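Tertiary structure, described
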Amino acid sequence: MPADSLPTAVMTFSLNPFRRPRWRTLVLLALLLASLLWPIEHLATRYYRERVAEQSAQTLELYVANLRGTLRRYEALPHIMGDLPALRGALRAAEDADSVNAANQLLERVRRQSGADVIYLMNPAGLTLAASNWSEYDAFVGRNFAFRPYFREALAGRPAQFFGLGTTSGKRGYYFATAVRDGHEVLGVLVVKVDLDHTETLLGSTPEQLLVTDAQGVVILTSRPEWRFRATRELSGAERAEIAANLPYPTQQPQPLALSDQDWLRQSQLLAETGWTASILAPRSLVERPVQSVMAIAAATLLAILLLLAVLLQRRRHLLERLALDARARQELEQRVAERTEDLVALTERLKREVLEREQAQQELVRAQDEVVQAGKLSALGTMSASISHELNQPLAAIRSYADNAGVLLDHGRVDDARGNLRLISELTARMASIISHLKAFARRDRKAPESVALQPALDDALALLASQRRALQVELLRDLPEATLWVQAGETRLRQVLGNLLANAFDALSEKAPPRRLWISAQPLADGRISLSLRDNGPGFTAEALARAREPFFTTKTTARGLGLGLAICDTLTHALGGELLLANHPQGGALVTLNLLPAATGIGTQSPEDCP
Ligand code: ADP
């Protein structure tokens, strides 16, 4: 069905599936489909009426042909018989019993052979002289039928026909009458009465009814006895008078018969020779019944179509509803996603801002810390300056006196002694250079923030640098380090510098005792997350003074050739700068125990950093 021919209801329904209730659409569809029943009924009625009319016409045709055949068979009979000498003889010698008897015999024989009802012979006065039923109790013989119109007609020389009810027999009959002549002389009238009772039925038992009316419109033959001798139209006065005179019916005043066209379908044919009209009346039910069947089938079919349409509409409606719901859900989801995305974007922006602020704050903090450390170092330098000047003045004074002495020695030609003085000067400048290079560590500003440094590799590096000294001292190394790399916040070089100083101190201490010399190195994470590295030796341990002052710059218990007293001071400062701590103690079983606690770091890449370049 093209879209533009859809009913309005359906179109509207498809455009607006949620507002229009379903029942309304169905009612509209029902009205639409029911309106189709009207033309179907019209067509079916026309079709069946035509069929019934056709059938009735055929039946009527047959009936009329049959009736005509019956009448024609007897029409010529009076003429032929009128020439028979026996009949003339009887008319001429009415008192001669033999002649009359011969006529009776003849009439009876002819009646039997022709199948007529009665044949009788009347003299010109209308008295019946001979009759085929002469021997029966209701014989016509001796009766006068002069009043019958057919008698008068025949006597006047015209062949006559008449329908009427027999006055003697009470039976309906059709009368053919003709004059019996001898030359021009009319001797009498011969009448053949035909029984029409058997023509009152149609062939077979059909629902159609037969109706034959005479010229007056009175029913003379019919398949419905109650219609017999009733007038199908208004009778005129002349007709009534004629009926009263001729007595063709059992009544002189036929009752009207009203046959409604509502009840009957009528097919009529005029029999011109008798003035009769033969009709076949088919009851309307012959049309109505099949039409009703057709309508029932059509209604059932339309109902099925309606139901099918309803189901389709419902399915379509459900589909539309589901699609709309899906679309709405999708829209809501998209909206929610959009809102969430907007929130996330805002959040990301805020986080970025916060991260930036935090980074700035961190940088500020690092800078402040840096500055504090720097300030600490400077103050340390300040406090150290006295010892530094003392430390440097000493060799400087010595250098000056060695140089002065060298000049005096050269003046005296003591070249070897002068060379000895120069060597001592060289050694003293080397010592001064060493002091200065160590002091640089205090003044240097760290360029980089602490980073992730693997502890074990840094320890291995520091040990490798001191490997020859360890071998010389035959130090037994007892390591207790976890397999997994421990990551600490530090600088690669700074950490190695600290570890190197601590190991060097341990080897120095071990060199002061006899073997066995042992060094325990262990590391583990602390409960607070920091990484703790312990170095324990079985040397003499810290002296009480050393425990108290070891962190001070230039504090040393070693000879001037071996110790500058800066190692632990530098280690302590660097460790603090990294957020860690350096603990000095003596082990209960003897020997020094130095513990380095550092902040843990995320797993790093473990490459060597170029930081801390002097
Ligand atoms: P230096 O090593 O030049 O003496 P340090 O600052 O490194 O300077 O050490 C200061 C002092 O701490 C040392 O002179 C020593 O008395 C003491 N000390 C350091 N490490 C040990 C150790 N492992 N065992 C005993 N004493 C130590």
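Residues numbered from 1 in each chain as written. Predicted model: local features only at pLDDT ≥ 70, side-chain atom pairs only at ≥ 80, totals over all residues. Heavy atoms only, no water.

Details of the packing of helix H10 (residues 455–465) against helix H12 (residues 492–510)
- Between H10 and H12, whose axes approach to 9 Å, the crossing angle comes to 50°. Judged by the angle between their axes, H10 and H12 are oblique. In the crossing of H10 with H12, the sense of the turn from one axis to the other is right-handed. On the side of H10, the interface is formed by Leu455, Ala458, Leu459, Asp461, Ala462 and Leu463, while H12 contributes Leu495, Arg496, Leu499, Gly500 and Leu503.
- Within the contact of H10 with H12, the residues separate by chemical class into eight nonpolar, one polar and two charged. (Axes fitted to C-alpha atoms, helices over the stretch in contact; angles between N-to-C directions. Helix = DSSP H or I, 4+ residues; strand = E, 2+ residues; numbered from the N terminus. Parallel < 35°, antiparallel > 145°, perpendicular 65-115°, else oblique. Left-handed = near helix turned anticlockwise from the far one by under 90°. Contact = heavy atoms within 4.5 Å. Nonpolar A, V, L, I, M, F, W, Y, C, P; charged D, E, K, R; others polar.)

Here's the deal with empty space enclosed by the protein
- This model, assessed by the stated rule, comprises two cavities of 30 Å³ or more.
- Looking at the largest cavity, its volume works out to about 40 Å³.
- Lining the largest cavity, in full, are Tyr120, Phe140, Phe145, Arg148, Tyr150, Gly166, Thr167, Thr168 and Tyr175.
- By residue class, the composition of the lining of the largest cavity is five nonpolar, three polar and one charged. (1 Å grid on protein atoms, 1.4 Å probe; cavity = no way out; pocket = protein on both sides within 12 Å on 5 of 7 lines; lining within 4 Å. Points joined across faces, edges and corners; volume = space filled by probe spheres on them.)

So, the pairing of strand S6 (residues 209–213)
- With five of its five residues buried, S6 lies for the most part within the structure.
- By the bridge criterion, five bridges tie S6 to strand S9 (residues 276–283) in an arrangement that is antiparallel. When the sheet's bridge partners are listed, Val212 is paired in S9 with Ala278.
- Examined bridge by bridge, S6 and strand S7 (residues 219–222) share three bridges and lie antiparallel to one another. The residue of S7 that forms the bridge with Val212 is Leu221.
- Two successive antiparallel strands, S6 and S7, enclose a turn made up of five residues, where Gly217 displays a positive phi of approximately 85°. (Buried < 20%, exposed > 50% of the residue type's maximum accessible area, 1.4 Å probe, protein only. Pairing = 2+ DSSP bridges.)

Here we look at the confidence of the model for the chain
- Counting all residues, the mean pLDDT for the chain is 84, and 88% of those residues have values of 70 or more.
- A low-confidence stretch, residues 1–18 (pLDDT under 50), is modelled with 22 contacts involving residues beyond four sequence positions or located in other chains.
- Long-range and interchain partners of residues 607–614, a stretch whose pLDDT sits below 50, account for 19 contacts in this model, where long-range means more than four residues apart. (pLDDT = per-residue confidence, 0-100.)

Thoughts on the nonpolar core
- Formed by 45 residues in total, the largest nonpolar core has its most connected members in Leu495, Ile521 and Leu533.
- Sorting the residues of this core by element identifies H10, strand S12 (487–490), H12, strand S13 (517–525), strand S14 (531–537), helix H14 (567–577), strand S15 (581–586) and strand S16 (592–598) as the ones contributing at least two each.
- For this core, the element with the most residues is H12, which contributes eight residues.
- Those residues in contact with Leu495, other than ones at most four positions away along the chain, are Val453, Leu455, Ala458, Val488, Ala490, Leu596 and Leu598.
- One finds Leu77, Leu87, Tyr174 and Val212 within the second-largest nonpolar core, a separate group that totals 44 residues. (Core = buried A, V, L, I, M, F, W, Y, C linked by side-chain atoms within 4.5 Å.)

Overview of the side chain of Asn597
- With respect to the helices and strands, the residue Asn597 is situated in strand S16.
- For Asn597, the side chain forms a polar contact with the side chain of Ser532, separated by 2.8 Å.
- Excluding anything up to four places from it in sequence, Asn597 contacts Leu526, Arg530, Ile531, Ser532, Thr575, Gly580, Glu581 and Leu583. (Polar contact = N/O pair within 3.5 Å; in protein donor to acceptor, adjacent residues only side chain to side chain.)

Things to note about the pattern of salt bridges
- Scanning the model with the defined rule gives 28 salt bridges in all.
- With a shortest N-O distance of 3.7 Å, Asp195 and Lys171 are connected by a salt bridge. Separated by 24 residues along the polypeptide, Asp195 in strand S5 (residues 185–195) and Lys171 in the loop between strand S3 (160–165) and strand S4 (172–182) bring together distant segments of the chain.
- Note that Arg224 is salt-bridged to Glu226, the shortest N-O span being 2.8 Å.
- Residue classification places Arg224 among the partly exposed positions, given a relative accessible area of 25%.
- Residue Glu226 is classed as partly exposed on the basis of its relative accessible area, which comes to 43%. (Salt bridge = Lys/Arg side-chain N within 4 Å of Asp/Glu carboxyl O.)

Quick word on the packing of aromatic side chains
- Applying the stated rule across the entire model yields 12 aromatic pairs.
- Taking the centre distance of 5.9 Å and the plane angle of 40° together, the rings of Phe162 and Tyr175 count as tilted. Taken together, the residues Phe162 in strand S3 and Tyr175 in strand S4 connect sequence positions 13 residues apart. Just as Phe162 is buried, Tyr175 falls in that class too. (Phe/Tyr/Trp six-rings, centres within 6.5 Å; stacked < 30°, edge-to-face > 60°.)

Describing unusual backbone geometry
- For the bond running from Pro515 to Pro516, omega is 0°, close enough to zero to count as cis.
- Along the chain, the position of Pro516 falls in the loop between H12 and S13.
- A positive phi angle, near 60°, is found at Phe229, a position not held by glycine.

Brief notes about H12
- Compared with an ideal rise of 1.5 Å per residue, which puts 19 residues at 27 Å, H12 spans 27 Å between its outermost C-alpha atoms and is within 8% of the ideal.
- Burial analysis of H12 places 15 of its 19 residues in the buried class, which makes it a mostly covered element. (Expected span 1.5 Å × (residues − 1).)

Overview of the site of the ligand
- Inspection of the region around the ligand gives 19 residues, with Thr556, Thr557, Lys558, Leu564 and Gly565 positioned closest.
- Contact between the ligand and Asn505: an oxygen atom at 3.0 Å from a side-chain N or O atom of the residue.
- A distance of 3.2 Å is found between a nitrogen atom of the ligand and a side-chain nitrogen or oxygen belonging to Asp537.
- Put simply, the ligand lies in the largest pocket.
- Elements represented by at least two residues in the shell around the ligand include exactly H12 and H14.
- Among the elements that make up the shell around the ligand, the one with the highest residue count is H12 (three residues).
- Taken together, the residues of the shell around the ligand sort by class into 10 nonpolar, seven polar and two charged. (Near = heavy atom within 4 Å. Sits in = over half its atoms within 2 Å of the grid points.)

Some remarks on the side chain of Ser132
- Among the secondary structure elements, Ser132 is positioned in the loop between strand S2 (128–131) and helix H6 (149–155).
- Look at Ser132 and you get buried, because its relative accessible area is 3%.
- The contact partners of Ser132, leaving out residues within four places of it in the chain, are Asn104, Leu107, Glu108, Arg111, Asp117, Val118 and Ile119.

Describing the sheet that holds S16
- Taken in spatial order, the five strands make up an open sheet running S11-S13-S14-S16-S15, and their pairing is mixed. A strand with exactly one partner marks an edge of an open sheet, and here the two such strands are strand S11 (475–480) and S15. On average, each strand axis in the sheet is tilted by 15° relative to the strand beside it, whichever way the strands run.
- Along the sheet, H12 contacts S11, S13, S14, S15 and S16; its crossing angle with S13, the most-contacted strand, is approximately 150°.

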